[in-house]
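The residues making up each chain are set out below.
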Amino acid sequence: MLFTYWDRFSRNIMDAYKMLERLQNMKVSIQAIEQQIDFSIPESKIMLAMYWATSEVENDKRSRNVRLGMQKARLEGRWINKAPLGYRNKITSDGKKYIDIYEPEAYIIREAFTAIVRQNKYCLTEIYKDAVSNGLNCSRSAFYRLVRNPIYCGKIKIPAFEDKAEKIVEGTHERLIPVVLFDHVQRIIKDADLNHPKKLTSKRIANENLIFRGVLQCPNCGNTLTGIGSQGHTKKYYYYHCMGRCSYRVRADVINLSFLSFLKNNRVVEPFLELANSISKEIYGEEHHDYIQKKEEINGKIN
């Protein structure tokens, strides 16, 4: 196996020696065209170690310089990552990168912050639903982080680096909301966390009366249907209803029985059962093999 220089073979001395041993056991010889080494001479191992160690040190220095450059940019108040919701990455005419406010996302986020102050309570679920129904595309957990992110009031949080502690600096980007509004929201969130500390809850068991909760889609607006139980005079009735502003609602037992009827009327013909079973096993085997392979790869990286 030929390559130009030894640093083209590897820039990690430990990995390089392991691979060298593996290749030698397979009777494969390796050689660098521009840095040839005679492996029959014992002293050549010293030269080989120098080549690999030098390239690894060079790699580490380059990596540290990149981290230092990123930290310097943060300290100057520049956002260096992908723009958060409400902003978009842009480049000036002279090639400098920055983030700029992006509508209508910015308007929806402003309304979310204002709604928290208007209600004077931290009710994430309702505010999140309103934001999503207005067109904001993000998960609930992302939205939870969003309302705590100081970037929206023109500041940038700088993570701890080497011996420097975490801190917040003024950003060079345009603020989306006033600092006063952001601070007010953080006080409301802090009070809510103090008054209602998070508790560890056991895993929720699916209700057998609402087996399609979170699976079905609303025929009117396309949102996911959730489920709810309503106590009647003699028994409890269950319904699937829309998670959005749509008023669609349908009896759960009607949907469940319809699905059972569908299954009974569409039984698989016996000759195909064995084939379907073998196909399922084949698919599972491939996925399981990929999982094991990925697991071994990750374990190797950890080691």
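Residues numbered from 1 in each chain as written. Predicted model: local features only at pLDDT ≥ 70, side-chain atom pairs only at ≥ 80, totals over all residues. Heavy atoms only, no water.

A short note on the overall build of the protein
Then, number 1: Counting its secondary structure elements, the protein contains nine helices and nine strands.
Then, number 2: The C-alpha atoms of the protein give a radius of gyration of 30 Å, which is well past the 19 Å a tight globule of 303 residues would have.
Then, number 3: Along the longest, intermediate and shortest principal axes, the C-alpha atoms of the protein span 95 × 70 × 40 Å.
Then, number 4: For the protein, long-range pairs separated by at least 24 residues make up 51% of all intrachain contacts whose partners lie at least 6 apart in sequence.
Then, number 5: Carbon and sulfur atoms provide 54% of the accessible area of the protein, an area that totals close to 22,200 Å².
Then, number 6: Separation between the mean location of the 48 positive side-chain charges and that of the 35 negative ones in the protein comes to 8 Å. (Helix = DSSP H or I, 4+ residues; strand = E, 2+ residues; numbered from the N terminus. Rg over C-alpha atoms; globule rule 2.2 N^0.38 Å. Contact = heavy atoms within 4.5 Å. Areas by Shrake-Rupley, 256 points an atom, 1.4 Å probe, with all protein chains shown as cover. Lys, Arg positive; Asp, Glu negative; His and termini not counted. Charge placed at Lys NZ, Arg CZ, Asp CG, Glu CD.)

Here's the deal with the pairing of strand β4 (residues 97–101)
Then, number 1: In the sheet, strand β3 (residues 87–91) pairs with β4 via five bridges, with the strands oriented antiparallel. Pairing of R88 across the sheet is with D100, part of β4.
Then, number 2: If you look at the hairpin formed by β3 and β4, you'll find five residues sitting between the two strands, and G95 has a positive phi there, around 90°. (Pairing = 2+ DSSP bridges.)

Considerations on the pattern of salt bridges
Then, number 1: One pass over the structure, following the stated rule, counts nine salt bridges.
Then, number 2: We note a salt bridge from E105 to R88, for which the minimum N-O separation is 3.3 Å. Within this pair, whereas E105 is found in helix α4 (residues 105–119), its partner R88 is found in strand β3, the two being separated by 17 residues in sequence.
Then, number 3: Using a relative accessible area of 13% as the deciding quantity, one classes E105 as buried.
Then, number 4: The partly exposed category is assigned to R88, whose relative accessible area is 31%. (Salt bridge = Lys/Arg side-chain N within 4 Å of Asp/Glu carboxyl O. Buried < 20%, exposed > 50% of the residue type's maximum accessible area, 1.4 Å probe, protein only.)

Section: the pairing of strand β5 (residues 155–158)
Then, number 1: Burial of the side chains of β5 is restricted to one face: I156 and I158 are buried, whereas none of K155 and K157 on the reverse face is.
Then, number 2: For β5 and strand β6 (residues 167–170), the ladder comprises four bridges, and the chain directions are antiparallel. Directly across from I156, in β6, lies its bridge partner V169.

Thoughts on the sheet that holds strand β7 (residues 225–231)
Then, number 1: Reading across from one edge, β7-β8-β9 is the order of the three strands in this open sheet, with antiparallel pairing throughout. The outermost strands of the open sheet, each flanked by one partner alone, are β7 and β9 (249–251). The average angle at which neighbouring strand axes cross in this sheet is 30°, direction not considered.
Then, number 2: Two strands pair when backbone bridges link them, and β7 and strand β8 (residues 236–242) are joined in this way by seven bridges, in the antiparallel orientation. Bridge pairing in β8 places G227 opposite Y240. (Axes fitted to C-alpha atoms, helices over the stretch in contact; angles between N-to-C directions.)

Quick look at the packing of helix α2 (residues 13–25) against helix α3 (residues 44–75)
Then, number 1: Look at α2 against α3: their axes get within 9 Å of each other, and the N-to-C directions meet at 135°. With respect to each other, α2 and α3 are oriented oblique. In this structure, α2 uses I13, A16, Y17 and L20 to contact α3, whose residues at the interface are K45, L48, A49, W52, A53 and E56.
Then, number 2: Its residues assigned to classes, the contact of α2 with α3 shows eight nonpolar, no polar and two charged. (Parallel < 35°, antiparallel > 145°, perpendicular 65-115°, else oblique. Nonpolar A, V, L, I, M, F, W, Y, C, P; charged D, E, K, R; others polar.)

Regarding the nonpolar core
Then, number 1: Ranked by size, the top nonpolar core spans 30 residues in total, and within it F113, F143, Y152 and I177 carry the most contacts.
Then, number 2: Those elements giving two or more residues to this core turn out to be β4, α4, α5 (124–133), α6 (140–146) and α7 (179–195).
Then, number 3: Take this core: its biggest share by element is seven residues, from α4.
Then, number 4: Aside from chain neighbours lying at most four places away, what touches Y152 is P84, L85, Y87, I109, F113, L146, R175, L176 and I177. (Core = buried A, V, L, I, M, F, W, Y, C linked by side-chain atoms within 4.5 Å.)

Here we look at unusual backbone geometry
Then, number 1: Cis geometry marks the peptide bond from E103 to P104, where omega comes out at 5°.
Then, number 2: The topology assignment puts P104 in the loop between β4 and α4.
Then, number 3: One non-glycine residue with positive phi stands out, namely K27, at about 65°.
Then, number 4: Along the chain, K27 turns up in the loop between α2 and β2 (31–32).
Then, number 5: Take K27: its relative accessible area is 77%, and that puts it in the exposed class.

What about the packing of aromatic side chains?
Then, number 1: Under the criterion given, the structure shown has twelve aromatic pairs.
Then, number 2: Judged by centre distance (5.5 Å) and plane angle (55°), the ring pair of Y128 and F143 falls under tilted. Within this pair, whereas Y128 is found in helix α5, its partner F143 is found in helix α6, the two being separated by 15 residues in sequence. The residues Y128 and F143 share a single accessibility class, namely buried.
Then, number 3: Through pairs of rings, three or more aromatic residues link up here, namely F3, W6, F9, Y17, F39 and W52.
Then, number 4: For the cation-ring pair, R249 lies above Y239, with the distance from its terminal atom to the ring centre recorded as 4.0 Å. (Phe/Tyr/Trp six-rings, centres within 6.5 Å; stacked < 30°, edge-to-face > 60°. Lys NZ or Arg CZ within 6 Å of the ring centre and 35° of its normal.)

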